[in-house]
Amino acid sequence: MLETPALQRNATLPAPLDTRYQVETPEGIDLPLRPAGLMPRAIAFAIDLGIRGLVLGLFFLVLAFFGELGIGLGSILLFVVSWWYMVLFEVLNQGRSPGKQIMGLRVVQDDGRPIGWSASLIRNLLRFVDMLPFGYTFGAISCLQHPAFKRLGDLAAGTLVVYREQPVKRPALPMAAPIRTPFTLSLQEQRAVLGFAERQAELSQARVNELAAILAAPLNVQVPHAVAELNGVARGLLGPT
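Residues numbered from 1 in each chain as written. Predicted model: local features only at pLDDT ≥ 70, side-chain atom pairs only at ≥ 80, totals over all residues. Heavy atoms only, no water.

Peer 1: What exactly am I supposed to notice about the overall build of the protein here?
Peer 2: If you tally the helices and strands in the protein, you get 11 helices and four strands. A burial count over the protein gives 33% of its 241 residues as buried. Surface exposure of the protein reaches about 15,500 Å², of which carbon and sulfur atoms provide 66%. (Helix = DSSP H or I, 4+ residues; strand = E, 2+ residues; numbered from the N terminus. Buried < 20%, exposed > 50% of the residue type's maximum accessible area, 1.4 Å probe, protein only. Areas by Shrake-Rupley, 256 points an atom, 1.4 Å probe, with all protein chains shown as cover.)

As structure tokens, this is what we get:
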């Protein structure tokens with residue numbers, strides 16, 4: 001079978017770049033994730049580094065009054081904060097250290113599941129490799145080269161740093177008494193009424209009246225009171241809120 005020139009060109013094209021990471025859950029549901037790039041991850045790490053430094057500094061000031069006992073306790077504290085700060089937050093706080101939480105990021109497994117103890121330990125123990133030879137050089141190179149912005153610790157642990165999806169909030173509807181239409185509205189009509197009510201605050205009064213007049217006829221709404229009645233229908237469609 002001969003290939004057309006267009007098919008030949010398409011066959012040589014590289015895979016398109018995308019900021020989405022698609023995974024399929026065991027239930028067969030496609031779960032789109034947005035991998036976080038190098039810059040937001042670096043800022044989150046800097047925030048966490050500052051928090052750790054502040055905590056350690058405050059404790060060291062107190063432990064300095066305890067002589068050799070304070071030195072021993074300080075060494076233990078330094079180990080715990082340095083190696084377990086990230087692990088505890090990632091596992092116990094849905095993959096979010098304070099820095100990641102501020103930047104709207106979280107760590108998950110490659111398949112979208114919450115990160116576990118072993119994966120978190122691996123990615124954080126290998127952080128010292130990402131820091132080589134200085135200033136996170138290996139980690140930065142790995143992030144920039146990988147399509148999902150993974151550093152070496154992520155590759156070994158099978159983890160991914162992604163943006164947290166924020167819940168979408170519907171715009172507030174104008175105040176009106178809920179109205180039930182005497183007939184069933186089609187899905188397209190319901191969307192039109194809800195869109196009209198939700199966008200009112202963005203439109204001029206003349207435009208609001210114009211749209212209300214257009215919607216009034218198919219919905220058997222009186223034109224002089226179309227705006228108020230359509231708002232009531234929109235309230236009735238959403239039910240109690």
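There is more to say, and it comes next.
Peer 1: So what exactly am I meant to see when it comes to the UniProt feature "transmembrane region" (unreviewed entry) in the protein here?
Peer 2: Those places that UniProt annotates as "transmembrane region" (unreviewed entry) correspond, in this numbering, to residues 42-65 and 71-92. Between the end C-alpha atoms of residues 71-92 the distance is 29 Å, and the span holds 100% helix and 0% strand. (UniProt positions renumbered as here; feature names shortened; annotations may be inferred.)

Peer 1: Please clarify how unusual backbone geometry should be interpreted in this entry.
Peer 2: Of note, the bond from Leu-132 into Pro-133 is cis; its omega dihedral lies within 30 degrees of zero at -15°. Topologically, Pro-133 is positioned in the loop between α6 (127-130) and α7 (137-145). Unusually for a residue other than glycine, Gln-94 sits at a positive phi of about 60°. Within the chain, Phe-149 stands out as a residue other than glycine whose phi angle is a positive 60°. Inspection of the secondary structure assignment puts Phe-149 in the loop between α7 and α8 (152-157). Taking relative accessible area as the criterion, Phe-149 reaches 25% and is therefore assigned partly exposed.

Peer 1: Teacher, can you tell me more about the side chain of Arg-235 here?
Peer 2: Tracing the sequence through the fold places Arg-235 in helix α11 (residues 226-238). An unpaired buried charge is present at Arg-235: no salt bridge exists, and Glu-198, the closest side chain of opposite charge, is 10 Å distant. A polar atom in the side chain of Arg-235 sits 3.1 Å from the backbone oxygen of Pro-174. (Lys, Arg positive; Asp, Glu negative; His and termini not counted. Salt bridge = Lys/Arg side-chain N within 4 Å of Asp/Glu carboxyl O. Polar contact = N/O pair within 3.5 Å; in protein donor to acceptor, adjacent residues only side chain to side chain.)

Peer 1: For this particular structure, what's the right way to read the side chain of Lys-100?
Peer 2: Tracing the sequence through the fold places Lys-100 in helix α4 (residues 98-103). For Lys-100, a relative accessible area of 8% translates into the label buried. Discounting residues that sit within four places of it in the chain, Lys-100 has contacts with Ala-44, Asp-48, Met-86, Glu-90, Gly-95, Leu-105, Val-107, Arg-123, Val-161 and Arg-164. (Contact = heavy atoms within 4.5 Å.)

Peer 1: Whenever I open this one, the pairing of strand β4 (residues 159-163) confuses me. Can you help?
Peer 2: One face of the sheet, then the other: side chains in a regular strand alternate in exactly this way. With four of five residues buried, β4 is to be regarded as a mostly interior element. Bridge count between strand β3 (residues 105-109) and β4: five bridges; the pairing is antiparallel. Its bridge partner being in β4, Val-107 is matched across the sheet by Val-161. (Pairing = 2+ DSSP bridges.)

Peer 1: What am I meant to see in the environment of Arg-151 here?
Peer 2: Tracing the backbone through its elements, the reader meets Arg-151 in the loop between α7 and α8. The spatial distance from the C-alpha of Arg-151 to the C-alpha of Tyr-136 is 9.7 Å, given a sequence separation of 15 residues. A distance of 2.8 Å separates a polar side-chain atom of Arg-151 from the backbone oxygen of Arg-123.

Peer 1: So what exactly am I meant to see when it comes to the packing of aromatic side chains here?
Peer 2: Two measures describe an aromatic ring pair: the distance that separates the ring centres and the angle between the ring planes. Counted by the stated rule, this structure contains two aromatic pairs. Look at Tyr-85 and Phe-89: their rings are 5.1 Å apart centre to centre, the planes differ by 65°, and that puts the pair in the edge-to-face class. Separated by four residues within a single helix, Tyr-85 and Phe-89 lie in helix α3 (residues 67-92), roughly one turn from each other. The exposure class of Tyr-85 is buried, given its relative accessible area of 10%. The class of Phe-89 is partly exposed, set by a relative accessible area of 31%. The ring of Tyr-163 has Arg-34 lying over it, and the distance from NZ or CZ to the ring centre is 4.6 Å. (Phe/Tyr/Trp six-rings, centres within 6.5 Å; stacked < 30°, edge-to-face > 60°. Lys NZ or Arg CZ within 6 Å of the ring centre and 35° of its normal.)

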